[in-house]
Amino acid sequence: MAFELPELPFPYDALEPFMSRETLEYHHDKHHKAYVDGANKLIAGTGLENKSLEQVVVASHRDPRLRKLFNNAGQHWNHSQFWKCLKADGSRSVPDEIAKRIDADLGGLGKFKKDFVAEGVADFGSGWVWLVLDAGKLKILTTANAESPLILGKTPLLTCDVWEHAYYIDYRNQREKFLQAFVDHLIDWEHVAELYGKAGERQAAA
Ligand code: FE2
């Protein structure tokens with residue numbers, strides 16, 4: 001089944017002034033779409049055509065001959081996660097269960113924000129910053145290019161795209177300002193809590 005570009009879960013101008021309509025028109029309609037189109041083209045003849053996107057990402061990462069497919073499928077998956085992490089007027093309240101875990105594992109919300117921004121600034125070149133669940137603990141990590149916690153066997157709960165195309169229109173070269181706006185105004189913590197709850201259910205069922 002062909003991959004499809006998901007709709008944004010909010011109007012294009014919903015995140016202004018922190019992420020503009022113009023950024024989202026380019027980022028979603030052009031960059032993300034190009035990865036979807038690329039993945040659909042490159043998957044032909046690989047034997048992975050009927051696999052889920054997650055399975056394609058993991059399988060193509062393991063096979064150096066499928067590097068181009070991995071880059072496109074990985075970016076399709078990463079962007080699909082990113083849109084769900086964003087919310088107009090976000091970051092205001094953190095559900096209790098996540099707030100408590102951030103206190104216990106990451107030294108509190110203030111330290112989490114500081115470290116998340118610092119990791120994103122330090123991610124050299126193009127990549128992603130993530131909050132993940134790893135062996136039962138919250139951790140912040142970064143990945144390069146199209147890589148993600150999916151290929152590392154960790155559970156992603158939150159991500160921010162730090163490729164230049166994610167912020168250059170609104171923030172020019174100031175990646176730090178973009179990341180600060182993300183942690184202060186754009187995070188959908190309800191979504192993070194939902195993913196955290198599902199991870200707990202999977203662990204309990206295992
Ligand atoms: Fe992007």
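From a predicted model like this one, the values you see are computed outputs, not experimental measurements.

## A closer look at the overall build of the protein chain
Next up, step 1: Helix and strand counts for the protein chain come out as eight helices and three strands.
Next up, step 2: Ordered by position from the N terminus, the helices and strands of the protein chain form the series α-α-α-α-α-β-β-β-α-α-α.
Next up, step 3: A burial count over the protein chain gives 46% of its 206 residues as buried.
Next up, step 4: Carbon and sulfur atoms make up 51% of the accessible area of the protein chain, which amounts to about 10500 Å² in all.
Next up, step 5: With 25 positive and 30 negative side-chain charges, the protein chain shows a separation of 5 Å between the mean positions of the two kinds.

## Description of the coordination of the iron ion
Next up, step 1: Those donors, H27 (NE2), H79 (NE2), D161 (OD) and H165 (NE2), are the protein atoms that reach the iron ion, and they lie 1.9 to 2.1 Å from it.
Next up, step 2: For the iron ion, the four donor atoms are set out with angles of 89 to 129° between them, so the coordination reads as tetrahedral.
Next up, step 3: Here the donor residues of the iron ion are spaced in sequence according to H-x51-H-x81-D-x3-H. Of this pair, H79 sits in helix α3 (residues 67–85) while D161 is found in strand β3 (residues 155–161), placing the two residues 82 residues apart along the sequence. Both residues of the pair, H79 and D161, belong to the buried class.

## Overview of unusual backbone geometry
Glycine aside, residues mostly have negative phi angles, and peptide bonds mostly take the trans form.
Next up, step 1: Across the junction of E16 and P17, the peptide omega takes the value 5°, indicating a cis bond.
Next up, step 2: Along the chain, P17 turns up in the segment before α1 (21–42).
Next up, step 3: A positive phi angle, close to 50°, is found at A135, a residue other than glycine.
Next up, step 4: Note on placement: A135 falls in the loop between β1 (127–134) and β2 (137–144).

## Here's the deal with the pattern of salt bridges
Opposite charge on two side chains makes pairing possible when the charged atoms of those side chains draw close.
Next up, step 1: Counted under the stated rule, the structure contains twelve salt bridges.
Next up, step 2: Salt-bridge contacts for R21 lead to D13; the nearest nitrogen and oxygen are separated by 4.0 Å.
Next up, step 3: A residue is classified by how much of its surface remains accessible, and R21, at 37% relative accessible area, is partly exposed.
Next up, step 4: R65 is the salt-bridge partner of D63, the closest N and O atoms lying 2.9 Å from each other.

## Description of helix α8 (residues 189–205)
For an α-helix, 3.6 residues make a turn, and residues three or four places apart therefore share a direction.
Next up, step 1: The end-to-end C-alpha distance of α8, which contains 17 residues, comes to 24 Å, matching closely the 24 Å that a straight helix rising 1.5 Å per residue would cover.
Next up, step 2: Listed as buried for α8 are W189, H191, V192, A193, Y196 and A199.
Next up, step 3: Taking the backbone nitrogen of E190 as reference, a side-chain oxygen 3.2 Å away marks D188 as the first, capping residue of α8.

## Overview of the side chain of T159
Next up, step 1: Tracing the backbone shows T159 in strand β3.
Next up, step 2: On the basis of relative accessible area, T159 is assigned to the buried category, the value being 0%.
Next up, step 3: In terms of polar contacts, T159 uses its side chain to reach the backbone carbonyl oxygen of V129, at 2.9 Å.

## Quick look at the domain arrangement of the protein chain
Next up, step 1: Along its sequence, the protein chain is organised into domain 1 (21–84) and domain 2 (96–205).
Next up, step 2: On the domain 2 side, the residues contacting the 21 residues of domain 1 number 20 residues.
Next up, step 3: Summed over both sides, the interface of domain 1 with domain 2 buries roughly 1700 Å², with 69% coming from carbon and sulfur.
Next up, step 4: It is T23, N78 and F82 in domain 1 that bury the most area against domain 2; as a group they hold 31% of the surface buried on that side.
Next up, step 5: Counting the contacts that link domain 1 with domain 2 gives zero salt bridges.
Next up, step 6: Our enumeration of links across domain 1 and domain 2 arrives at eight residue pairs in polar contact (both at pLDDT 80 or more).
Next up, step 7: The set of elements that each furnish at least two residues to the side of domain 1 that touches domain 2 consists of α1, α2 (53–62) and α3.
Next up, step 8: With eleven residues, α3 is the single largest residue contributor to the side of domain 1 that touches domain 2.

Thresholds, definitions, all that
- Residues numbered from 1 in each chain as written.
- Predicted model: local features only at pLDDT ≥ 70, side-chain atom pairs only at ≥ 80, totals over all residues.
- Heavy atoms only, no water.
- Helix = DSSP H or I, 4+ residues; strand = E, 2+ residues; numbered from the N terminus.
- Buried < 20%, exposed > 50% of the residue type's maximum accessible area, 1.4 Å probe, protein only.
- Areas by Shrake-Rupley, 256 points an atom, 1.4 Å probe, with all protein chains shown as cover.
- Lys, Arg positive; Asp, Glu negative; His and termini not counted.
- Charge placed at Lys NZ, Arg CZ, Asp CG, Glu CD.
- Donors = N, O, S within 2.8 Å, 3.2 Å for Na, K, Ca; no water.
- Tetrahedral: all angles 85-135°; square planar, octahedral: opposite > 155°, others 65-115°.
- Salt bridge = Lys/Arg side-chain N within 4 Å of Asp/Glu carboxyl O.
- Expected span 1.5 Å × (residues − 1).
- Polar contact = N/O pair within 3.5 Å; in protein donor to acceptor, adjacent residues only side chain to side chain.
- Domains from an automatic or database assignment.
- Contact = heavy atoms within 4.5 Å.
- Buried area = accessible area lost by both parts, 1.4 Å probe.

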